[in-house]
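# Notes for the structure review
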Amino acid sequence: MSQVFSEETHRNMLARIPHCTGRAVSDWLRAVEEGPALARFEEKVSWLRHEHNLAYGHAKAIIHEYDLRRAARKLR
């Protein structure tokens, strides 16, 4: 079962990603967009972890942010 982070924790994790990975969050979101068309959240997290050697928390935060932004685009 995956952990559920608060909004504050999510924002803090996103803020640390560039320092920890050497890449901007926007780069990671682009990588997810251009990556394989996986349907499930945990499949996307697993792909990021294994393909790019990310920590679970960072991968989860990236996918969560990707899903939030994708949903916001659909609402416009």
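That block above? That's the structure.
Position labels on residues start from 1 in each chain and follow its written sequence. Side-chain atom pairs in this predicted model are given and counted only at pLDDT of 80 or more, local residue features only at pLDDT of at least 70, and totals for whole chains, interfaces and linings cover all residues. Processing note: side-chain calculations cover all non-hydrogen atoms of the structure and skip hydrogens and water entirely.

## Section: helix α2 (residues 25-34)
In plain terms, the rule: Exposed residues in this analysis have more than 50% of their type's maximum accessible area, buried residues have under 20%, and partly exposed residues fall in between, with area computed by a 1.4 Å probe over protein chains only. Strands here mean DSSP runs of E at least two residues long; helices mean DSSP runs of H or I at least four residues long; both are numbered from the N terminus. This arc is taken over the directions from the axis of the helix to the C-beta atoms. Contacts are residue-level and defined by heavy atoms, with any inter-residue pair within 4.5 Å sufficient.
Buried within α2 we find Val25, Trp28, Leu29, Ala31 and Val32. For α2, the arc enclosing every buried residue in end-on projection is 155 degrees, short of the 170-degree limit, so these residues lie on one face. Looking at the buried residues of α2, the elements they touch are α1 (7-21), α3 (41-52) and α4 (56-75).

## A word on the environment of threonine 9
Mapped onto the secondary structure, threonine 9 falls in helix α1. For threonine 9, a relative accessible area of 31% translates into the label partly exposed. As for threonine 9 and tryptophan 28, which are separated by 19 residues in sequence, their C-alpha atoms are 18 Å apart.

## Points about the nonpolar core
Applicable threshold: Among buried residues, the Ala, Val, Leu, Ile, Met, Phe, Trp, Tyr and Cys ones that are joined through side-chain atoms within 4.5 Å form a nonpolar core.
Counting 15 residues, the largest nonpolar core has Ile17, Trp28, Val32, Leu48, Leu54 and Ile62 as its most contacted members. For this core, the elements supplying multiple residues, two or more each, are α1, α2, α3 and α4. Per-element accounting of this core gives the leading share, five residues, to α4. Non-local contacts of leucine 48, meaning those with residues more than four positions away in its chain, are made with Trp28, Val32, Asn53, Leu54, Ala59, Ile62 and Ile63.

## Examining the packing of α3 against α4
Rules: For every element, the axis is a line fit to its C-alpha atoms; helices are fit only across the contacting stretch, and the angle between N-to-C directions ranges from 0 to 180 degrees. Relative orientations are named as follows: roughly parallel for angles under 35 degrees, roughly antiparallel for angles over 145 degrees, roughly perpendicular for angles from 65 to 115 degrees, and oblique for any other angle. Helix crossings fall into two classes, left-handed where the near helix is turned counterclockwise from the far one by less than a right angle and right-handed where it is turned clockwise. Polar here means any residue other than Ala, Val, Leu, Ile, Met, Phe, Trp, Tyr, Cys and Pro, which are nonpolar, and Asp, Glu, Lys and Arg, which are charged; Gly is therefore polar.
Where α3 contacts α4, the axes come no closer than 9 Å and their chain directions differ by 130 degrees. Classified by the interaxial angle, the pair formed by α3 and α4 is oblique. Of the two elements, α3 crosses α4, and the hand of that crossing is right-handed. Taken together, the residues of α4 that come into contact with α3 (itself represented by Phe41, Glu42, Lys44, Val45, Leu48 and Arg49) are Tyr56, Ala59, Lys60, Ile62, Ile63, His64, Tyr66, Asp67 and Arg70. Considering only residue class, the contact of α3 with α4 consists of eight nonpolar, one polar and six charged.

## Some thoughts on the pattern of salt bridges
Defined as follows: Each salt bridge in this description consists of a side-chain nitrogen of Lys or Arg and a carboxyl oxygen of Asp or Glu lying within 4 Å of one another.
Evaluation of the coordinates by the stated rule reveals six salt bridges. Residue glutamate 7 is joined to arginine 11 by a salt bridge in which the shortest nitrogen-to-oxygen separation is 3.0 Å. One end of the pair is glutamate 7 and the other is arginine 11, both in helix α1 and four residues apart, which spans about a single turn. Residue classification places glutamate 7 among the partly exposed residues on the basis of a relative accessible area of 46%. Residue arginine 69 pairs with glutamate 65 through a salt bridge whose shortest N-O separation is 2.9 Å. You can see arginine 69 and its partner glutamate 65 sitting in helix α4, four residues apart, about one turn around the helix. Three or more residues are tied together by salt bridges with common partners; here these are Glu7, Arg11, Glu65 and Arg69.

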